[in-house]
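The residues making up each chain are set out below.
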Amino acid sequence: MRKPVIAGNWKMNKTVSEAVGFIFDLKNLISDVTDVEIVIAPPFLAIYSAAQAAKDTNIYVSAQDLFWEEKGAYTGAISPGMVVDVGCKYVIVGHSERRQYFAENNETVNKKIKAALKHGLVPILCVGESINQRESGETFNIIETQVTEGLSCLSSSEIESIVIAYEPVWAIGTGKTATGEQAEEVHDFIRGVLRKLYGDIADHTRILYGGSVKPENIDELMTKPNIDGALVGGASLKAEEFAGIVKFRC
Ligand code: PGA
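Source: prediction; values computed, not measured. (Residues numbered from 1 in each chain as written. Predicted model: local features only at pLDDT ≥ 70, side-chain atom pairs only at ≥ 80, totals over all residues. Heavy atoms only, no water.)

Chemist: So what's going on with the sheet that holds strand 6 (residues 163-166)? Which residues, and what values?
Modeler: Ordered in space as 1-2-3-4-5-6-7-8, the 8 strands form a closed barrel in which the pairing is parallel. With strand direction ignored, the average angle separating the axes of adjacent strands in the sheet is 25°. The pairing of strand 7 (residues 206-210) with strand 8 (residues 229-232) spans 2 bridges and is classified as parallel. Note that in strand 8 the partner of Tyr209 across the bridge is Ala230. (Pairing = 2+ DSSP bridges. Helix = DSSP H or I, 4+ residues; strand = E, 2+ residues; numbered from the N terminus. Axes fitted to C-alpha atoms, helices over the stretch in contact; angles between N-to-C directions.)

Chemist: Residue-level account of helix 7 (residues 139-150), with values.
Modeler: Taking 1.5 Å of rise per residue, the 12 residues of helix 7 would be expected to cover 16 Å, and the 16 Å separating its terminal C-alpha atoms lies within 8% of that figure. Inspection of helix 7 places Thr139, Ile142, Ile143, Gln146, Val147 and Gly150 among the buried residues, and these make up the whole buried set. On an axial view of helix 7, the arc spanned by its buried residues comes to 125°, and they lie on one face. (Expected span 1.5 Å × (residues − 1). Buried < 20%, exposed > 50% of the residue type's maximum accessible area, 1.4 Å probe, protein only. Arc of directions from axis to C-beta.)

Chemist: So, the packing of aromatic side chains: which residues are in play, and what are the values?
Modeler: Under the definition given, this model contains 6 aromatic pairs. For the pair Phe67 and Trp68, a centre-to-centre distance of 4.4 Å together with 35° between the ring planes defines the contact as tilted. Trp68 sits in the partly exposed class, given a relative accessible area of 23%. Look at Phe140 and Phe189: their rings are 4.5 Å apart centre to centre, the planes differ by 35°, and that puts the pair in the tilted class. Taken together, the residues Phe140 in helix 7 and Phe189 in helix 9 (residues 180-198) connect sequence positions 49 residues apart. Here the aromatic residues Phe67, Trp68 and Tyr74 are joined through ring pairs into a cluster of three or more. Over the face of the ring belonging to Tyr60 we find Lys89, whose NZ or CZ atom lies 4.2 Å from the ring centre. (Phe/Tyr/Trp six-rings, centres within 6.5 Å; stacked < 30°, edge-to-face > 60°. Lys NZ or Arg CZ within 6 Å of the ring centre and 35° of its normal.)

Chemist: I'd like to hear about the environment of Thr177, residue by residue, with values.
Modeler: Looking at the secondary structure, you find Thr177 in the loop between strand 6 and helix 9. Separated by 10 residues in sequence, Thr177 and Glu167 have C-alpha atoms that sit 9.7 Å apart. If sequence neighbours within four positions are ignored, Thr177 has contacts with Trp170, Ala171, Tyr209, Gly211, Ser212, Lys214, Asn217 and Leu221. Among the polar contacts made by the side chain of Thr177, one reaches the main-chain carbonyl oxygen of Ser212 at a distance of 3.3 Å. A distance of 3.0 Å separates polar atoms of two side chains, one belonging to Thr177 and the other to Asn217. (Contact = heavy atoms within 4.5 Å. Polar contact = N/O pair within 3.5 Å; in protein donor to acceptor, adjacent residues only side chain to side chain.)

Chemist: Would you mind going over the site of the ligand in detail, with residue names and values included?
Modeler: As a matter of local geometry, the ligand sits amid 13 residues, with Lys11, His95, Glu167, Gly173 and Ser212 nearest to it. Between the ligand and Ser212 there is a distance of 2.7 Å, counted from an oxygen atom to a backbone nitrogen or oxygen. Take Gly234: an N or O atom from its main chain is 2.8 Å from an oxygen atom of the ligand. If the ligand stood free it would expose 290 Å²; the protein chains cover 95% of that surface. (Near = heavy atom within 4 Å. Areas by Shrake-Rupley, 256 points an atom, 1.4 Å probe, with all protein chains shown as cover.)

Chemist: Which residues make up the pairing of strand 4 (residues 90-93), and what values go with them?
Modeler: Note on strand geometry: in a regular strand, side chains alternate between the two faces of the sheet. Along strand 4, one buried face is formed by Tyr90 and Ile92 and the opposite face, lined by Val91 and Val93, is buried too. Taken together, the 2 bridges between strand 3 (residues 59-63) and strand 4 define a ladder with parallel strand orientation. Residue pairing across strands places Ser62 opposite Tyr90, the latter belonging to strand 4. In terms of handedness, the path from strand 3 via helix 3 (residues 80-85) over to strand 4 forms a crossover that is right-handed. (Right-handed = clockwise from strand over helix to strand, strands pointing away.)

Distances and angles like these do not, on their own, reveal function.
Right, here's the structure in full:
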């Protein structure tokens, strides 16, 4: 019922030519995959070339962030319209690295989500607790606040297209993956929060897991009923490794 999404977040990695080379390699490796939505999020400067290389393939391109205004005096910022213009279908919003290093908060996340939806982009809203928050028993509170405030004032039809990525901060780039059980517990909780807010639409929302996903651990994660895919950082930088995740078995 929910088509899985496997998304690769390249973060601040790859030049234009590296991005294009990767897409050519990947499309050969996954040309037979039809039952998974495959998404790659290059840095802004490589998006256009990556999207051109991905044309007529089953690979979609995503931005890693955007600004909510349409145009104007916002030095260094990229608008939703610009992101659409270069060929993006998705945009990652509220990644923990944006929250940590670039002062992103639930209010700016909400503005970005609204701006993305207005332009027909599919937002991938990232939420996740830090290790201190987990150890002090705050995980569910933190997640509920991030989901509720991040999606504040959206209509049910807008919610329909949104993807959520649960990424425990302590698992990102650390090699320390949440166990299937730990992830499923939070995914189930997120679906419950969505159901409380938006009713049955919650059953259609794809909830991805992120944090040290690799070909070796994706199968177990994907057996869980509320895990609908993955947001992959480090292991999305090599085409063979990423293809191994796209071709998960469960
Ligand atoms: P990681 O990153 O797979 O390298 O842990 C995940 C992410 O930040 O989305």
